[in-house]
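What follows is each chain in one-letter form.
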Amino acid sequence: MAFHWPVRVYYSDTDAGGVVYHANYLNFFEHARSEMLREKGFEQDELAQSGVLFVVRNMSIDFVRPARFNQALTVVTEVTKLAGASMVFSQSLEDDEGSCYCRAQVTVVCIDSEAFKPRPIPSHIKQELARVS
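Heads up: these notes are all about the structure in this document. Note that residues are indexed from 1 along each chain, following the sequence as it is written. Local features in this predicted model are restricted to residues of pLDDT 70 or higher, and side-chain atom pairs are both shown and tallied only at a pLDDT of 80 or more, whereas totals for entire chains, interfaces and linings draw on every residue. With hydrogens and water set aside, each side-chain value is computed from the structure's full complement of heavy atoms.

**A few points about the packing of aromatic side chains**
Here is the rule: rings of Phe, Tyr and Trp (six-membered ring for Trp) pair when centre to centre is within 6.5 Å. Planes less than 30 degrees apart are stacked, more than 60 are edge-to-face, and the remainder are tilted. Going through the model one piece at a time under the given rule, you end up with four aromatic pairs. Taken together, the ring pairs in this structure connect Y25, F28 and F63 into an aromatic cluster.

And the structure:
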């Protein structure tokens, strides 16, 4: 099951040509991953206080077509792999007809908030994320 997060393209998201500036697609994807965690009951500030941080380790991104000012779109997020200390997300930005504007594969690593070293993803988080994949 995929997680769906609606977004609107604001003027501040666009470049001089009126299309989404390439770096802002990363913001859309980041927000969707954060909201997916929030929906599962995990607030990132609370996770940090308990010693858990999630950081992007690697990303592959494909800019398919330009998204434009004022478009209503959806970020579709799926967990495609859960390992000991890492997980892989497949994300895409789509319109209501399913046309893709941008897609990415994002590897996120769980680290200890004090030592900034990899640590296992807590089992209760893994269980909840497995329900979205």
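Right, picking up where we left off after that structure.
**A closer look at the pairing of strand 4 (residues 86-94)**
Only protein chains enter the accessibility calculation, which uses a 1.4 Å probe; a residue is then buried when its area is under 20% of its type maximum, exposed when over 50%, and partly exposed in between. Strands are runs of DSSP state E lasting at least 2 residues, helices are runs of H or I lasting at least 4, and numbering of each runs from the N terminus. Counted residue by residue, strand 4 has seven buried out of nine residues, so it is predominantly covered. What makes two strands pair is DSSP finding at least two bridges between them. Inspection of the sheet shows strand 3 (residues 72-82) paired to strand 4 by eight bridges, in the antiparallel sense. By the bridge assignment for strand 4, E78 is matched with S90. Hairpin connection between strand 3 and strand 4: a loop of three residues separates the two successive antiparallel strands. Where strand 4 meets strand 5 (residues 100-112), nine bridges bridge the pair, whose relative direction is antiparallel. Bridge pairing links L93 to C102 in strand 5. Counting the residues between successive antiparallel strands, the hairpin from strand 4 to strand 5 contains five residues, one of them, G98, with a positive phi of roughly 85 degrees.

**Describing the sheet that holds strand 4**
Ordered in space as 1-3-4-5-2, the five strands form an open sheet in which the pairing is antiparallel. Each having just a single partner strand, strand 1 (3-8) and strand 2 (52-63) make up the two edges of the open sheet. Shown here is a sheet whose adjacent strand axes are inclined to one another by a mean of 25 degrees, direction ignored. Here the axes come from fitting lines to C-alpha atoms, over the contacting stretch only for helices, and the angles between their N-to-C directions go from 0 to 180 degrees.

**Points about the pattern of salt bridges**
Any Lys or Arg side-chain nitrogen found within 4 Å of a carboxyl oxygen on Asp or Glu counts as a salt bridge. Within this structure, the stated rule accounts for four salt bridges. With its nearest N and O atoms 2.7 Å apart, the salt bridge here joins R38 to E35. Pair noted here: R38 and E35 are both in helix 1 (residues 22-39), with a separation of three residues, about one helical turn. The buried category is assigned to E35, whose relative accessible area is 18%. As a salt-bridge pair, R38 and E43 come within 3.1 Å of each other at their nearest N and O atoms. When its relative accessible area of 40% is taken as the criterion, R38 is described as partly exposed. Classification of E43 by relative accessible area gives partly exposed; the value is 25%. Through salt bridges that share partners, E35, R38 and E43 make up one connected network.

**Points about the nonpolar core**
One recurring pattern in soluble globular proteins: nonpolar side chains tend to sit buried together. Formed by 30 residues in total, the largest nonpolar core has its most connected members in F28, F54 and L93. Elements with a minimum of two residues in this core: strand 1, helix 1, strand 2, strand 3, strand 4, strand 5 and helix 3 (123-130). When sequence neighbours within four positions are dropped, the list of residues in contact with L93 reads V7, Y25, F28, F29, L73, T74, V75, S99, C100, Y101 and C102. We call a set of buried residues a nonpolar core when its members are Ala, Val, Leu, Ile, Met, Phe, Trp, Tyr or Cys and they connect through side-chain atoms within 4.5 Å of each other. Whether two residues are in contact is decided by their heavy atoms: any pair within 4.5 Å suffices.

**Some words on the state of the cysteines**
We call a pair of cysteine sulfur atoms a disulfide when they lie within 2.5 Å. In this structure the tally under the stated criterion is zero disulfides. Note on C100: no disulfide assigned, nearest cysteine sulfur contributed by C102 at a separation of 6.9 Å. The class for C100 is buried, based on a relative accessible area of 13%.

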